[in-house]
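The lines below spell out each chain.
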Protein chains: 2
Amino acid sequence: MTQATELYFDFLCPYAWRGVELAAVLRAEGEDFTLRHFSLVEGNHADNARDLTWRITEQTLDAPEGEGYMKYQTPSLRAFLASHAAALQGEAAHWAFTLALFRAHHERREPLSDAAIHVAAQEAGLDQAAFAAALAEEDARRAELRAELDAAREVGVFGTPTFVLPTGEAAYYRFETLTREADKAREWWTLYRTVLTSEAGIGTIKRAKNRPPRRA
Amino acid sequence: MTQATELYFDFLCPYAWRGVELAAVLRAEGEDFTLRHFSLVEGNHADNARDLTWRITEQTLDAPEGEGYMKYQTPSLRAFLASHAAALQGEAAHWAFTLALFRAHHERREPLSDAAIHVAAQEAGLDQAAFAAALAEEDARRAELRAELDAAREVGVFGTPTFVLPTGEAAYYRFETLTREADKAREWWTLYRTVLTSEAGIGTIKRAKNRPPRRA
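What you see is a predicted model; the values in this text were computed from it and never measured. (Residues numbered from 1 in each chain as written. Chains lettered and ligands numbered in written order. Predicted model: local features only at pLDDT ≥ 70, side-chain atom pairs only at ≥ 80, totals over all residues. Heavy atoms only, no water.)

## Regarding the overall build of chain A
Each helix and strand in chain A was counted, giving eight helices and five strands. Each helix and strand of chain A, placed in order from N terminus to C terminus, yields the pattern β-α-β-α-α-α-α-α-α-β-β-α-β. Its C-alpha radius of gyration of 17 Å places chain A within 12% of the 17 Å reference for a compact globule of 216 residues. The dimensions of chain A, computed from C-alpha atoms along their principal axes, are 50 × 40 × 35 Å. Every one of the 216 residues in chain A was classed for burial, and the buried ones make up 54%. Looking at chain A alone, contacts between residues at least 24 apart form 71% of all its contacts between residues at least 6 apart. For chain A, the exposed surface amounts to about 9500 Å²; the carbon and sulfur share of it is 50%. (Helix = DSSP H or I, 4+ residues; strand = E, 2+ residues; numbered from the N terminus. Rg over C-alpha atoms; globule rule 2.2 N^0.38 Å. Buried < 20%, exposed > 50% of the residue type's maximum accessible area, 1.4 Å probe, protein only. Contact = heavy atoms within 4.5 Å. Areas by Shrake-Rupley, 256 points an atom, 1.4 Å probe, with all protein chains shown as cover.)

## Some details on the sheet that holds strand β2 (residues 33–37) of chain B
Strand order across the open sheet formed by 10 strands is β2(A)-β1(A)-β3(A)-β4(A)-β5(B)-β5(A)-β4(B)-β3(B)-β1(B)-β2(B), with mixed pairing between neighbours. Edge positions in the open sheet fall to β2 (33–37) of chain A together with β2 of chain B, since each of these has one partner strand only. When the angles between neighbouring strand axes are averaged without regard to direction, this sheet yields 25 degrees. As paired strands, strand β3 (residues 162–164) of chain A and strand β4 (residues 170–175) of chain A are joined by three bridges and run antiparallel to one another. Along β4(A), the bridge assignment pairs Phe163(A) with Ala171(A). (Pairing = 2+ DSSP bridges. Axes fitted to C-alpha atoms, helices over the stretch in contact; angles between N-to-C directions.)

## A closer look at the interface of chain B and chain A
The partner chain A presents 42 residues to the 42 residues of chain B that form the contact. Surface buried jointly by chain B and chain A totals about 4200 Å² across both partners, of which 53% is contributed by carbon and sulfur atoms. Inspection of the region where chain B meets chain A yields two salt bridges. The salt bridge partner of Glu199(A) is Lys184(B), with a shortest N-O separation of 2.8 Å. Put simply, chain B and chain A have 27 residue pairs in polar contact (both at pLDDT 80 or more) between them. Top contributing element to the side of chain B that touches chain A by residue count: helix α8 (residues 182–197) of chain B, with eight residues. For the side of chain B that touches chain A, a count of residues per class yields 20 nonpolar, 10 polar and 12 charged. Relative to strand β5 (residues 202–207) of chain B, β4(A) is paired through five bridges, and the arrangement is antiparallel. Bridging across to β5(B), Phe175(A) finds its partner in Ile202(B). (Buried area = accessible area lost by both parts, 1.4 Å probe. Salt bridge = Lys/Arg side-chain N within 4 Å of Asp/Glu carboxyl O. Polar contact = N/O pair within 3.5 Å; in protein donor to acceptor, adjacent residues only side chain to side chain. Nonpolar A, V, L, I, M, F, W, Y, C, P; charged D, E, K, R; others polar.)

## Examining the relation of the copies chain B and chain A
Structural alignment of chain B on chain A gives an RMSD of 0.0 Å, achieved by rotating through 180 degrees and translating 0.0 Å along the axis. On the angle and the small slide along the axis, the relation comes out as a two-fold axis. Residue Ile205(B) of chain B places its C-alpha closer to the rotation axis than any other residue of that unit, at 2.6 Å. In this assembly, 100% of the residues forming the interface of chain B have copies in chain A that are likewise at the interface, indicating an isologous arrangement. (Least-squares fit on C-alpha atoms with pLDDT ≥ 70 in both.)

What follows is the structure, encoded as structure tokens:
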């Protein structure tokens, strides 16, 4: 059994980005996290309200980018498959690629395009030929993604970022402030774990709709 | 301006019960809480999905207790009106009545009936004649309730218990474990306030569906 905390994310989600940045800081301090994918488009799809009938892994990458779901479906699938391709080059490469693509999308506001993925792979120092070859093996990447989405469903992930502690506790953790400072990252991570492991048995702390959290 | 924390609750809700018990322990330690009503039946009513068109304060107390909403509508309205009647006898009386009725319903599993309300009023040491007279002034109690439900809507309350701190932060706080111990109550309250006032700007910590919180 792994002693790593699993971190479920979707490249679409700005809160997942903050979560991945937080985990990246903590990794540098020796905390162990494993990157996992959860699809918001699949999870929130109206066709899946009762049973899981609509899978993002069965959709074409050529679907037009239109309104509603169609604005997100192809970009998120494209990013997930690229993420699995990057993961084949090892954990460090996967983290570097994931951070690079998150920053391109949420910090520089670039779309999750093939071009952005190509640049992120370069920034992450990936072996470009191997990355292209892994992307070309699309069926294998789709199978890997599908397996992770099934695992997320098993945990009951409904949003990102969701962390699954080595001791089994799992919860969505949404916060507004991006940090790359070790002391803050440690403090916010300890606070989250304290909530999850409290004897109170805390299920939810959720801010009232008209009272947004304070922003730093 | 008040320096009290507002505590929104519905007698229907077992989590609100735990929240009121927690606040009662903290009150004994000098922390200031004000009891406020929020109606889950009104808040979750399908007719209110877009605009507020269905008000619990406009419903009859003679509505039959059937399935779905109708299982909860009359009992919750009855309990709210009684709570406002008790509040006229002062804050201590209101707390005593609220705790007595919560315990009858969630600890002894009694329905929120006229009989249970009568017993709770006795347990709370209310002036029975004054309580009956206040209950009989039904229009006034309905108006008071309606005003509180409007205030809850203003805050954006969506579930109970929701606490509104004197500094303005407001959030739903759902936990499983009932405590009447001062040290635990203090610890769980401090944890909640730390989450709400953290520089992280935490909006939500919510456990994944298939991983329930630990129970003591």
